[in-house]
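Take a look at the letters that make up each chain.
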Amino acid sequence: MQQTVRLTAAQAMVRWLSVQMTENGERFIDGVWAIFGHGNVAGLGEALHGIGDDLPTWRGQNEQTMAHAAIAFAKGHARRRAQAVTASIGPGATNMVTAAALAHVNRLPLLLIPGDVYASRRPDPVLQQVEDFGDGTISANDCFRSVVRYFDRITRPEHLLTALPRALQVMTDPVDCGPVCLAFCQDVQAEAHDWPEAFFVPRVWRIRRPAPDAAELADAAAMIRVAKAPVVICGGGVIYSGAEDALDAFATRFNIPVVETQAGKSALAQDHPMNFGAAGVDGSAAANAALRAADLVIAVGTRLQDFTTGSRTLFPQARLLGINVAAHDAAKQGGVGLVADARVALQALSAELGDLRFDAADPQARAGWLAAVDAHCGRPADGLPTDAQVIGAVQAAAPEGIAMCAAGTMPGALKLLWQASRHGYHMEYGYSCMGYEIAGAMGLKLARPAREVLCFVGDGSYMMANSELATAVMRRVPFTVILTDNRGYGCINRLQAHTGGAAFNNLYDDCRVEAQPQIDYVAHAASMGAHAVRARDLADLQDQIAAARGRDIPTVIVIETTARPGPGDGLEGAGQFWDVAVPAVGGTETLKQAYARYLEQIAHQATIN
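Definitions and cut-offs
- Residues numbered from 1 in each chain as written.
- Predicted model: local features only at pLDDT ≥ 70, side-chain atom pairs only at ≥ 80, totals over all residues.
- Heavy atoms only, no water.
- 1 Å grid on protein atoms, 1.4 Å probe; cavity = no way out; pocket = protein on both sides within 12 Å on 5 of 7 lines; lining within 4 Å.
- Points joined across faces, edges and corners; volume = space filled by probe spheres on them.
- Nonpolar A, V, L, I, M, F, W, Y, C, P; charged D, E, K, R; others polar.
- Salt bridge = Lys/Arg side-chain N within 4 Å of Asp/Glu carboxyl O.
- Helix = DSSP H or I, 4+ residues; strand = E, 2+ residues; numbered from the N terminus.
- Buried < 20%, exposed > 50% of the residue type's maximum accessible area, 1.4 Å probe, protein only.
- Lys, Arg positive; Asp, Glu negative; His and termini not counted.
- Polar contact = N/O pair within 3.5 Å; in protein donor to acceptor, adjacent residues only side chain to side chain.
- Contact = heavy atoms within 4.5 Å.
- Pairing = 2+ DSSP bridges.
- Axes fitted to C-alpha atoms, helices over the stretch in contact; angles between N-to-C directions.
- Parallel < 35°, antiparallel > 145°, perpendicular 65-115°, else oblique.
- Left-handed = near helix turned anticlockwise from the far one by under 90°.
- Phe/Tyr/Trp six-rings, centres within 6.5 Å; stacked < 30°, edge-to-face > 60°.

(A) Up close: empty space enclosed by the protein. Applying the stated criterion across every chain, the model contains three cavities of 30 Å³ or more. The space that makes up the second largest cavity amounts to roughly 50 Å³. Together, Ile89, Gly90, Gly115, Asp116, Val117, Gln128, Gln129, Val130, Ser139, Ala140 and Asn141 line the second largest cavity. Residues belonging to the lining of the second largest cavity are distributed by class as follows: four nonpolar, six polar and one charged.

Here's what the structure looks like:
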């Protein structure tokens, strides 16, 4: 006779999650971030309290930023571990929708457990319930459907017997990996059920490594053999696969330049002789020159975002070989697909190609680009420093640190200029979500406690979401925040000017306000318990970074930067096109000129999807 144990549905959920393991003997779900409300406090709250350290619970300040921390934790573990986030129904749940989209775009595991309405419908409508006049089954949690990989609404306790394994299957799947939403009806959380004891036997979750199809492998090898000037684009899939050494061996053995995406940067250290730097809109001169000259582009583990391809103007003449675990990505832009795990595919190709070797890598181009980086980053500041000069100062002070960021000017500047060590870079640029940075730095430090985490954030992003500084102080999670204050949204001000627009509503100077803001970021960060200082200059910035290493709380270093950077600031990269639509009709000569440039550029775009 089957042995059973009587538990509430919430107690069963947390008990099951606590025994789902990785191959290294760690919990796959490290723990649960929670803000309680009437949708989850009585059911999940009681269950989480009861299970204690077997599945620890942490309190954050905002549902979205708690989820950002969980996402950064998963990215820091290369998708091999994850965290869960629970919120009550209504605003607590919908606060997490942005984070779900971020995890979806970046293909990162995240378990979301929002409370939901009463399955019994006894109190209908319950507090915070969204009523759909035409569909009685709709709740606010249906917002998650378009931004998660798996959605389920738990309206009976026994639904967990299938829903929980399906959730972990998605989160550990190399292709479908992404966020999962289990909308948990609040009355069901508290219902008792007799659960099979076998359901709670510990289970080890492994991430599959699909091998290439023999015919696809032969086709891919044939494409490489006839190439004259191949280039590899390294995407985030290289890191998620653990294929860094395989890529190193492949590029070195065959003398093929490697260029980087935001997600793939630091798979190879920047001092690797085959690393030609960032590709695309924010790319290095060496990388983009190699791509323009390439007759074969080998895209490994990348989804070929518009920044990487110069909005499809950078290498339209080259044949494209897509090596990707997802067929959807492998066949993009008319490419020939090799559907396989990145590490397995690179090793298999190496065996097929034998002693083949190319003359494609131009060391002088790489050396010239690095010299230009040093010149921009090392130039003394004449007045307020540029972002490039700030990056140079931080690089000199913490060469082995992990630079992390998410939105604004800094992501492009860091991709171009940061000289990353192996795994010394963490960028959320799939969704480019302002407000990810502070919470992301905390999650990354929890995942990589031995590494120095350097969080670059502009004043605009800081103002959007900074409250997890208080959480990091309470949990004693140390990292260093470099807060660059250019008095507004400097990145979008730059883009506005580039597309022919007038300066408007981005920098505070150009906003319709009755008084210019006088925000004391040092006092603000200090009020949450962080160690906060204002750097007088670049030398003081370096000293403050060194001093931060002795603390067990976050350090926030505020430094003013130039608000309106221009030519020569080091951020032009190789000047690759980015397709941002320009108004076809407008009154100013500047706008007319921008539109003429736009028409000229889009004429060069590849049209094959």
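(B) Spatial organisation of the pattern of salt bridges. Here the structure, examined in full by the defined rule, presents 20 salt bridges. In this structure, the salt-bridge partner of Arg476 is Asp552, at a minimum N-O distance of 3.5 Å. Linking Arg476 in the loop between helix H20 (468–475) and strand E20 (480–485) with Asp552 in the loop between helix H23 (538–548) and strand E22 (555–560), this pair joins segments that are 76 residues apart in sequence. For Asp552, a relative accessible area of 44% gives the class partly exposed.

(C) The side chain of Arg27, seen in detail. By the element assignment, Arg27 lies in the loop between strand E2 (20–21) and strand E3 (29–34). The charged side chain of Arg27 is buried without a salt bridge, its nearest counter-charge being Asp30 at 4.1 Å. Within the structure, Arg27 has its side chain in polar contact with the backbone oxygen of Asp54 (distance 3.4 Å). Contacts of Arg27, omitting those with residues within four sequence positions, involve Ser18, Gln20, Met21, Thr22, Asp53, Asp54, Leu55, Pro56 and Arg81.

(D) Spatial organisation of the environment of Phe73. Within the fold, Phe73 resides in helix H3 (residues 63–76). Linking Phe73 and Pro109, residues 36 residues apart in sequence, is a C-alpha distance of 9.7 Å. Phe73 has contacts with Asp30, Arg81, Ala82, Gln83, Gly443, Leu444, Leu446 and Ala447, leaving out every residue within four places of it along the chain.

(E) Layout of the sheet that holds strand E21 (residues 531–534). Here we have six strands laid out as an open sheet, ordered E18-E17-E19-E20-E22-E21, and parallel in their pairing. Since the sheet does not close on itself, it has two edges, and those belong to strand E18 (425–427) and E21, each with one partner. Going across the sheet, the axis of each strand differs from the next one's by a mean of 20°, ignoring polarity. One ladder, built from three bridges, connects strand E17 (residues 402–405) with E18; its direction is parallel. In the sheet register, Met404 faces E18, and the bridge partner there is His426. Sheet strands touched by helix H18 (residues 437–447): E17, E18, strand E19 (453–458) and E20. Its angle to E19, the strand with the most contacts, is close to 170°.

(F) Structural detail: the side chain of Lys332. Among the secondary structure elements, Lys332 is positioned in the loop between helix H13 (327–330) and strand E16 (336–339). Within the local environment of Lys332, its side chain forms a polar contact with the side chain of Asp329, the two groups lying 2.9 Å apart.

(G) Structural view of the packing of helix H10 (residues 244–254) against helix H14 (residues 342–353). At a minimum axis distance of 9 Å, the contact between H10 and H14 shows a crossing angle of 25°. Taken as axis vectors, H10 and H14 run roughly parallel relative to one another. Here H10 and H14 pass one another in a crossing that is left-handed. In this structure, H10 uses Ala246, Leu247, Phe250, Arg253 and Phe254 to contact H14, whose residues at the interface are Arg343, Leu346, Gln347, Leu349, Ser350 and Leu353.

(H) A look at unusual backbone geometry. Residue Pro125 is bonded to the preceding Asp124 through a cis peptide linkage, with omega at 10°. One can find Pro125 in the loop between strand E6 (110–116) and strand E7 (150–154). Positive phi is not limited to glycine here, since Ala78 has a value of about 50°. With respect to the helices, strands and loops of the structure, Ala78 is situated in the loop between H3 and strand E5 (82–87). Not every positive phi belongs to a glycine, and Gln333 is a case in point at roughly 55°. Along the polypeptide, Gln333 turns up in the loop between H13 and E16.

(I) Representation of the packing of aromatic side chains in the model. Taken as a whole and assessed by the stated rule, the structure comprises ten aromatic pairs. Ring geometry for Trp33 versus Trp58: centroids 5.4 Å apart, planes at 55°, classification tilted. Here Trp33 is found in strand E3, whereas its partner Trp58 is found in strand E4 (residues 57–59), with 25 residues between them in sequence. Per residue, the accessibility class of Trp33 equals that of Trp58, and both read buried. Look at Phe307 and Trp578: their rings are 4.6 Å apart centre to centre, the planes differ by 70°, and that puts the pair in the edge-to-face class. Placement of the pair is Phe307 in helix H12 (residues 306–309) and Trp578 in the loop between E22 and helix H24 (589–602), with a sequence separation of 271 residues.

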